[in-house]
Structures are given as C-alpha cells and as structure tokens.
Amino acid sequence: MRRMTREPAAHAAALPEGLFADEAATPRCTWCQASPLYRHYHDTEWGFPVADDRRLFEKICLEGFQSGLSWLTILNKREGFRAAFANFDPEQVAAFGPADVERLVQDAAIVRHRGKIESTINNARRVLELRSEFGSLAHYAWRYEPAPHDRPERITREVARTLSTSPASVAMSKDLKKRGWSFVGPTTVYAFMQAMGLVNDHLEGCHSRAKALAARAAFERP
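What counts, and at which threshold
- Residues numbered from 1 in each chain as written.
- Predicted model: local features only at pLDDT ≥ 70, side-chain atom pairs only at ≥ 80, totals over all residues.
- Heavy atoms only, no water.
- Helix = DSSP H or I, 4+ residues; strand = E, 2+ residues; numbered from the N terminus.
- Polar contact = N/O pair within 3.5 Å; in protein donor to acceptor, adjacent residues only side chain to side chain.
- Contact = heavy atoms within 4.5 Å.
- Salt bridge = Lys/Arg side-chain N within 4 Å of Asp/Glu carboxyl O.
- Buried < 20%, exposed > 50% of the residue type's maximum accessible area, 1.4 Å probe, protein only.

Draft legend 1. Looking closely at the side chain of K59. Residue position: K59 is located in helix 3 (residues 53-66). Here Y41 takes part through its side chain, which lies 2.8 Å from a polar atom of the side chain of K59. Not counting residues within four places of it along the chain, the set of residues in contact with K59 comprises Y41, W71, F192, A195 and M196.

Right, here's the structure in full:
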C-alpha cells in the first residue's frame, strides 16, 4: 500500500532549493521554517523598505546583539528588547547611564551581553550625530542602497549563499566605524540592509519576493 506520508516530501522536492511550502502550499525561504513568528517576520518585514528611524535603529542594534546567535533567538526576545531600550527611541537610549547598563545586564528578557548593551547606548548617541548631519538615520542609511547593476540578476539559493556582505555593506560599515559606531561589521550591516529592504534577497519563487519588489518600487527614498 502506498504510504501517504511521502507526498509532502515529493511536493517539497518540486520546489527550488532553498524554499519550503506550508500547509497551504505557500512557498517561502527555508530560513523562516522554524515557527509561525518567524514566518510572519519573513512575510511582513524582511526585505520590505523602511524609512522610520526608530525601526532602523532597532534593527541595527538587534543585528549587533544577534552576532554569534540565531536571529530567531533575538526575534523571540524582541519585545523584551523594546521594553528594555525605551522602544529604541534614540534620544531616550542616548541618555542611558551606568545604572541603566547594570539594570540591563540583569534583565533576563534580553541578551545580557555588557559590551552589546554599551554599544547600543553608544550607537544611540551616534544616531543623534547623524541626524544633525543628514537629517535622519534613514537618509544616511539609504545613501548606501546598491545600484541595480551591482545586484545579482536572480537570487537563487546558490547566489544567496554568497551574500553575507557586499561592497555597499563594507562601505557603510567602514563609515559607521569612523563615526564611532560599534558592532557594525560588514556582515551585520548587510543583514541590516536585507531586513530593512535596501536589498531584496527573498529567493526566486518565494511568495514574498514579488511583494517586496512592489514595496520597493512604491517606496519614496528619504
């Protein structure tokens, strides 16, 4: 008798490498397979363009906290991070002092890494400096959006494996470090660019790819 359990595997095998299909046969990038929260993040946030300074600051800080960990670990703690860091309002975080560092080192709702906590406070102060020069963190960040001819023509699994940094992320990382930022290496900056929609790295065949492309086409650059 034919085993019915083989059919989902056969269906999955029909998808391009790097994609999986849920119960409704919706194809998605495999990295979001672990939980509904992860899939929601993939479907509604990752790769969609952002011009809000608070969200941009939150993301670059959380990418710094993610270093050495999985993004799902950080995503599961995101509400804890928001509560701990004044919803990532740069002006409020910039005013944190030594007592806040000690408070945060004891906060089990976040990743209790003293260096990354101090980095977040430092980087909030650097955001205020960028605003004085560029008007907004968004305007600064979107200056590093890669030109179309600098991007791969197709984002397949094989191509995605090569995309941990880019010339734009290297340039942005170098400039941020000159400005006194920390935990902003080229890999961290590229992950920030992927998440905030400066690039669209949803794989070909992923149902969110076209949505992210449409959002980027309609997006007004700051």
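Moving on, there is more to tell.
Draft legend 2. Local environment of the pattern of salt bridges. By the definition in use, this model includes 20 salt bridges. With its nearest N and O atoms 3.0 Å apart, the salt bridge here joins R54 to E58. Of the two residues, R54 and E58 both sit in helix 3, 4 residues apart, roughly one turn of that helix. Accessibility expressed as a relative area gives 21% for R54, which makes it partly exposed. Judged by its relative accessible area of 5%, E58 is buried.

Draft legend 3. Highlighting the environment of R103. Summarising the element assignment, R103 is placed in helix 7 (residues 98-105). Along the backbone, R103 and A84 are 19 residues apart, and their C-alpha atoms lie at a distance of 9.0 Å. Discounting residues that sit within four places of it in the chain, R103 has contacts with A84 and F96.

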